[in-house]
Amino acid sequence: MNNFNIINIMLASINGKIAFHDKESSSERAKNAFTCQRDFERMAKLVAQCDVVFHGASSIESEKGAFRVAALRKLQNEPEWIIFTRSGNISFQSPFWKQEGIPKSIFFVSSFNMQEKPILRVEEQEAPVGKITCYLGNMPGLIQHLKNKKYTKAALLGGGKLNTAFMQNNLIDELYLTLSPFIVGSSNAPSLFDFQENFTKRMILKNCESFDGFVYLNYLLSTKK
């Protein structure tokens, strides 16, 4: 995307579920052996290469906070975490919002369609946790803004609905997927992607490794559906 790359980093069960229920945190998944230390280290190294992290508002609510990667970065700083919301609803109950040293912002996104004219307004708004930088507009506007800030790479960490919006609009350049050796059978289990209509996407396998039952996949995404 014109020198701005987005990598989607996710873990899923063999049948494509990313958790046992939609409020499950990363620490809970680790306790259930659904994920592992090797997967976390892989994700941290990938995020450390990025300037910004994209995360869904509902997904961040279940987490105990952003994980830190400054020690893995040349400038010893943290990437900016941008929390996406389409509904406009934001809960500030997660410990994430009180973490110091993590640049945070909220993106009130109107559209992911990259064919639209870039629109973005940047505001400092008062929140229960203090002043928060807010982006209001569409995805073309946000990407142009991030490029103006000299950002070149973003890590998309989900959840499923956010992954779907990015995938449907050809916004993902690479997918780093860890397959967990589980099958999750629950109607409450969120999926890696949440398509509401027929959709196909060709991916090109770049690398594949396995260790202790987990499979680590790296795909390049074709521009053709």
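Above: the structure in question.
Residues numbered from 1 in each chain as written. Predicted model: local features only at pLDDT ≥ 70, side-chain atom pairs only at ≥ 80, totals over all residues. Heavy atoms only, no water.

Asker: I'd like a description of the state of the cysteines, backed by residues and values.
Answerer: What makes a disulfide is a covalent bond joining the sulfur atoms belonging to two cysteines. A complete count under the given rule lists zero disulfides for this structure. Looking at the unpaired Cys-36, the closest cysteine sulfur is the one in Cys-208, lying at 14 Å. (Disulfide = S-S within 2.5 Å.)

Asker: Hey, could you go over the sheet that holds strand E10 (residues 214–221) for me, with residue numbers and the actual values?
Answerer: Here ten strands make up an open sheet; going across it, the order is E5-E6-E4-E3-E2-E7-E1-E8-E10-E9 and the pairing mixed. For this open sheet the edge positions go to strand E5 (120–127) and strand E9 (203–211), each flanked by a neighbour on one side alone. Within the sheet, the average angular offset between the axes of one strand and its neighbour, ignoring direction, is 25 degrees. Relative to strand E7 (residues 153–156), strand E1 (residues 5–13) is paired through four bridges, and the arrangement is parallel. Each residue of the ladder has a partner; that of Ile-6, found in E7, is Ala-154. (Pairing = 2+ DSSP bridges. Helix = DSSP H or I, 4+ residues; strand = E, 2+ residues; numbered from the N terminus. Axes fitted to C-alpha atoms, helices over the stretch in contact; angles between N-to-C directions.)

Asker: Residues and numbers for the layout of surface pockets, please.
Answerer: Counted as a void, the second largest pocket has a volume near 200 Å³. Contributing elements (two or more residues each) for the lining of the second largest pocket: helix H2 (37–48), E9 and E10. When residues in the lining of the second largest pocket are grouped by element, the largest group, five residues, is from H2. (1 Å grid on protein atoms, 1.4 Å probe; cavity = no way out; pocket = protein on both sides within 12 Å on 5 of 7 lines; lining within 4 Å. Points joined across faces, edges and corners; volume = space filled by probe spheres on them.)

Asker: A description of the pairing of strand E3 (residues 80–85) should follow, citing residues and the corresponding values.
Answerer: The buried count for E3 comes to six of six residues, which makes it a mostly enclosed element. Every second residue of E3 is oriented toward a common face, with Glu-80, Ile-82 and Phe-84 on one face and Trp-81, Ile-83 and Thr-85 on the other, all of them buried. In the sheet, strand E2 (residues 52–56) pairs with E3 via five bridges, with the strands oriented parallel. Each residue of the ladder has a partner; that of Val-53, found in E3, is Trp-81. As defined by bridge partners, E3 adjoins strand E4 (residues 104–109) across five bridges and the pair is classed as parallel. Across the sheet, residue Trp-81 finds its bridge partner in E4, namely Lys-104. (Buried < 20%, exposed > 50% of the residue type's maximum accessible area, 1.4 Å probe, protein only.)

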